Amino acid sequence: MTDKPEKLIDKKGLRLDGRKPDELRPIKIEVGVISNADGSAYIEQGKNKVLAGVYGPREVHPKHLALPDRMVLKCRYHMAPFSVQERKSPAPSRREIELSKVIRESLEPAIFVEYYPRTMVDIFVEVLQADGGTRCASITAAALALADAGIPMRDIVVACAAGKAGDTIVLDLMDEEDKYGTADVPVALMPNLNAVTLLQMDGILSYDEFESAVNLAIEGCKKIYTMQKEAIRRKYASAKEEGEE
Ligand code: ADP
């Protein structure tokens with residue numbers, strides 16, 4: 001584990017990795033990266049590397065879990081043993097079980113689940129490298145994997161966290177800010193509908209600070225949303241070119 005830094009914000013107001021308070025980490029998104037899944041996406045956000053794969057809609061197993069009026073949505077968030085500095089046990093931890101639920105619940109409102117009764121959709125998220133904010137990066141990637149699988153959705157869900165490092169409200173916390181900062185507020189959003197599908201808070205903030213953090217996280221979500229749309233366009237532009245060849 002990294003040692004506690006003396007200060008999270010320097011005299012110039014910059015963060016440990018040189019970012020300004022309202023700056024996102026560098027983000028790279030790719031859609032359609034696994035040919036065996038029905039849909040997939042990969043995201044790098046700072047040092048985070050997260051892969052999402054989707055299967056479905058397909059038959060429900062075991063059959064008695066099928067619902068007559070909607071699809072069953074399942075999600076498994078998993079951190080690879082090599083994703084953090086100390087080897088992580090590959091078995092699902094309590095945290096991973098909780099995050100699987102959190103990710104599923106933040107995506108579900110966007111999906112027209114009633115279009116596919118008696119079916120299921122599986123979302124698999126693999127964190128290959130973790131550096132704070134993996135639940136948000138997972139939501140952003142999983143939403144794209146769902147879109148890539150052709151699942152009808154109201155909007156593409158996007159997620160980003162804001163929080164407090166030192167005395168400053170900052171966007172997109174990395175691991176050290178997450179660990180040694182005062183608060184972390186992950187937000188997931190359907191930007192076109194202006195609807196929040198996830199809002200959590202870990203730490204302590206005054207009401208005004210909380211409001212600034214949520215607004216900053218929403219601004220971050222909107223920037224990432226633009227990158228999501230570009231990534232989808234890139235995938236379909238290249239598929240079209242291949243089809244024309
Ligand atoms: P999130 O990744 O959504 O911020 P947490 O706040 O629970 O979720 O975790 C913060 C960060 O702590 C993770 O992104 C990861 O970098 C680190 N972390 C999580 N689990 C472990 C672990 N088992 N060992 C080492 N670091 C971990």
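In what follows, the accompanying structure is described.

What counts, and where the lines are drawn
- Residues numbered from 1 in each chain as written.
- Predicted model: local features only at pLDDT ≥ 70, side-chain atom pairs only at ≥ 80, totals over all residues.
- Heavy atoms only, no water.
- Salt bridge = Lys/Arg side-chain N within 4 Å of Asp/Glu carboxyl O.
- Buried < 20%, exposed > 50% of the residue type's maximum accessible area, 1.4 Å probe, protein only.
- Helix = DSSP H or I, 4+ residues; strand = E, 2+ residues; numbered from the N terminus.
- Near = heavy atom within 4 Å.
- Polar contact = N/O pair within 3.5 Å; in protein donor to acceptor, adjacent residues only side chain to side chain.
- Areas by Shrake-Rupley, 256 points an atom, 1.4 Å probe, with all protein chains shown as cover.
- 1 Å grid on protein atoms, 1.4 Å probe; cavity = no way out; pocket = protein on both sides within 12 Å on 5 of 7 lines; lining within 4 Å.
- Sits in = over half its atoms within 2 Å of the grid points.
- Nonpolar A, V, L, I, M, F, W, Y, C, P; charged D, E, K, R; others polar.

### Some details on the pattern of salt bridges
Within this structure, the stated rule accounts for 18 salt bridges. Two residues, D17 and R19, come together in a salt bridge whose shortest N-O distance is 2.9 Å. Overall, the relative accessible area of 40% leaves D17 in the partly exposed class. Salt-bridge contacts for K101 lead to E105; the nearest nitrogen and oxygen are separated by 2.9 Å. In this pair, K101 and E105 both sit in helix α1 (residues 94–107), four residues apart, roughly one turn of the helix. The exposure class of K101 is partly exposed, given its relative accessible area of 43%. Accessibility expressed as a relative area gives 37% for E105, which makes it partly exposed.

### Regarding unusual backbone geometry
With an omega of -5°, the peptide bond running from G56 to P57 counts as cis. You can see P57 is positioned in strand β3 (residues 48–59). Of note, the amide linkage connecting H61 to P62 takes the cis form, showing an omega dihedral of -10°. Take P62: it is sitting in the loop between β3 and β4 (72–79). With phi around 60°, R118 is a residue other than glycine that occupies positive phi space. Residue placement: R118 occurs in the loop between α1 and β5 (119–129). Relative accessible area serves as the criterion here: at 53%, R118 is assigned to the exposed category. You will see that N194, though not glycine, has its phi angle at about 55°, which is positive. Relative to the assigned elements, N194 resides in the loop between β8 (183–190) and β9 (195–199). On the accessibility criterion, N194 (58% relative accessible area) is exposed.

### Some points on the site of the ligand
Neighbouring residues of the ligand: M79, V84, K88, R95, A130, D131, G132, G133, T134, R135, D175 and D178. A distance of 2.8 Å separates an oxygen atom of the ligand from a polar side-chain atom of R135. Contact between the ligand and D178: an oxygen atom at 3.0 Å from a side-chain N or O atom of the residue. Relative to its unbound accessible area of 530 Å², the ligand is 75% covered by the protein chains. The pocket occupied by the ligand, as judged from atoms lying within 2 Å of grid points, is the largest pocket. Sorting the residues of the shell around the ligand by element identifies α2 (134–148) and α3 (175–180) as the ones contributing at least two each. Grouping the constituent residues of the shell around the ligand by class yields three nonpolar, three polar and six charged.

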